[in-house]
Amino acid sequence: MRVEIHGHRGARGLWPENTLPGLSRTLELGVHALELDVALTADQRLVLTHDLTVSAVTSADTRPVRAGDPAYPYVGKPVNSLTLAQLRTLDVGVRLPRHPDDPFAITQVAVPETRMPTLGAVLGLVNAYEADAVRLHVELKSDPTRPELTPDPELFTGLVIEELDRHGRLDNVAVLSFDWRIITHAAAMAPGTRRFALIEPDTLHWHDDLGDDVPAAARDAGATTLSPEHVMVDERLMSQATAAGLDVAVWTVNDAALATRMLDLGVSGIVTDYPDRMRELWRERGLPLPAPVEPLRPVPA
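Note that the coordinates shown come from a computational prediction; the quantities given were computed from them, not determined experimentally. All residue numbers refer to position in the chain's written sequence, counted from 1. Where totals are concerned, whole chains, interfaces and linings use all residues; where local detail is concerned, this predicted model gives features only for residues with pLDDT of at least 70, and gives and counts side-chain atom pairs only at 80 or more. To get the side-chain values, all heavy atoms of the structure are used, and hydrogens and water are removed first.

1. Side note on the overall build of the protein
Line of reasoning, step 1. Helix and strand assignments come from DSSP, with helices taken as H or I runs of at least 4 residues and strands as E runs of at least 2, each series counted from the N terminus. Looking only at helices and strands, the protein has ten helices and nine strands in total.
Line of reasoning, step 2. For 301 residues, the compact-globule estimate of 2.2 N^0.38 gives 19 Å, and the protein sits close to it at 19 Å.
Line of reasoning, step 3. Considered along the principal axes of its C-alpha atoms, the protein spans approximately 60 × 45 × 40 Å.
Line of reasoning, step 4. Accessibility here uses a 1.4 Å probe with only protein chains present; expressed as a share of the type maximum, an area under 20% marks a residue as buried, one over 50% as exposed, and anything in between as partly exposed. Within the protein, the proportion of its 301 residues that are buried is 55%.
Line of reasoning, step 5. Contacts are assigned to residue pairs with any non-hydrogen atoms lying within 4.5 Å of each other. For the protein, restricting intrachain contacts to residue pairs at least 6 apart in sequence, the fraction spanning at least 24 positions comes to 67%.
Line of reasoning, step 6. The method behind every accessible area is Shrake-Rupley, applied with a 1.4 Å probe, and residues are considered shielded solely by the protein chains displayed. For the protein, the accessible area works out to roughly 13200 Å², and carbon and sulfur atoms hold 51% of it. Here the globule rule reads 2.2 Å times residues to the power 0.38, and the radius of gyration is calculated from C-alpha atoms.

Okay, here's the thing in structure tokens:
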């Protein structure tokens, strides 16, 4: 049976999340799918970031894009209020241990002076690696309860689909979102893509008329896979997902014992900050491992 390892934000536990260095190293480690987060800037550019406001945990100001920029400092500002040029001044390669319970500050290898990449740059990188066996999981960050921070879902989905198509990735991609309006638009615009309906207890109220059968509601919204937080996964949910014709990819699982429990329940994929730990578990269970991608060769001078 094929059960997939999905690298969360690349491999957040090992390298800076949503960055070119982090994604590169994750490809070379070996995952079935590479998950990343996308938001839209003030000048309609698609950038990799998990948060709708610039995070003080993963981002640090270095300088204003120009002297006297009234928007500076940029940390803490809405992503959709800043241009790509402003966001590109941030250092997103160092995770500062500002929170004593943040495990990633301890395990993550810093890559100082790393800049926030565009989705196009990531797609170019993956194509340069010729990583055709690795599926890209693109999560569109959208919060229907905070419309001032969130782009129009149809426009946002269309921009992402266009960029994926431009780079020839529509045949090996999944579109993910907690905002199921995105899932519905993706189903209409690119019906051949996989579509993951993300769900967690805190966002259940985003959806009307979920009823007692979340997988069926996700299917009706256009999903091909249900992707719940691990606390939601039990035999009943798995049974409902099977009845709805949906696979289940569970997030975010970093502990081998929890991963074992999820595998025994029959999930099809595990989203993890530590793909290295999951690779060890896969070896122990005799599951097929994703092949590491060959490192890029240096460009001759």
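Moving on from the coordinates now.
2. Focus on the nonpolar core
Line of reasoning, step 1. Val38, Val138, Val160, Trp180, Val267, Ile270 and Trp282 are the most contacted members of the largest nonpolar core, which totals 64 residues.
Line of reasoning, step 2. With six residues, helix α4 (residues 119-129) is the largest single contributor of residues to this core.
Line of reasoning, step 3. Residues contacting tryptophan 180, with those up to four places away along its chain left out, are Ala197, Leu198, Ile199, His207, Leu210, Val214, Ala217, Ala218 and Ala221.
Line of reasoning, step 4. In these notes, a set of buried Ala, Val, Leu, Ile, Met, Phe, Trp, Tyr and Cys residues joined through side-chain atoms within 4.5 Å is what counts as a nonpolar core. The next biggest cluster of nonpolar side chains, apart from the first, holds eleven residues, and it includes Leu82, Leu84, Leu87 and Val92.

3. Considerations on the packing of aromatic side chains
Line of reasoning, step 1. We call Phe, Tyr and Trp rings a pair once their centres come within 6.5 Å, taking the six-membered ring for Trp, and we label the pair stacked below 30 degrees between planes, edge-to-face above 60, and tilted otherwise. Summed over the entire model, instances satisfying the criterion amount to three aromatic pairs.
Line of reasoning, step 2. Consider the rings of phenylalanine 178 and tryptophan 251, whose centres lie 5.7 Å apart with planes at 90°: the pair is edge-to-face. Of the two residues, phenylalanine 178 sits in the loop between β5 (173-177) and α6 (180-189) while tryptophan 251 sits in the loop between β8 (247-250) and α9 (256-265), which places them 73 residues apart along the sequence.
Line of reasoning, step 3. The rule is short: NZ of Lys or CZ of Arg within 6 Å of the ring centre and within 35 degrees of the ring normal puts a charge over the ring. Here the guanidinium or amino end of arginine 277 rests over the ring plane of tyrosine 274, the centre of that ring lying 3.6 Å away.

4. Side note on the pairing of β5
Line of reasoning, step 1. Along β5, five of the five residues are buried, which leaves the element largely enclosed by surrounding structure.
Line of reasoning, step 2. Judged by which residues are buried, β5 turns out to be covered on both faces: Val173, Val175 and Ser177 on one side and Ala174 and Leu176 on the other are all buried.
Line of reasoning, step 3. Looking at chain direction, strand β4 (residues 135-140) and β5 are connected through four bridges and run parallel. In the strand pairing of β5, histidine 137 is matched with alanine 174. Pairing between strands is defined by DSSP: at least two bridges between the two strands are required.

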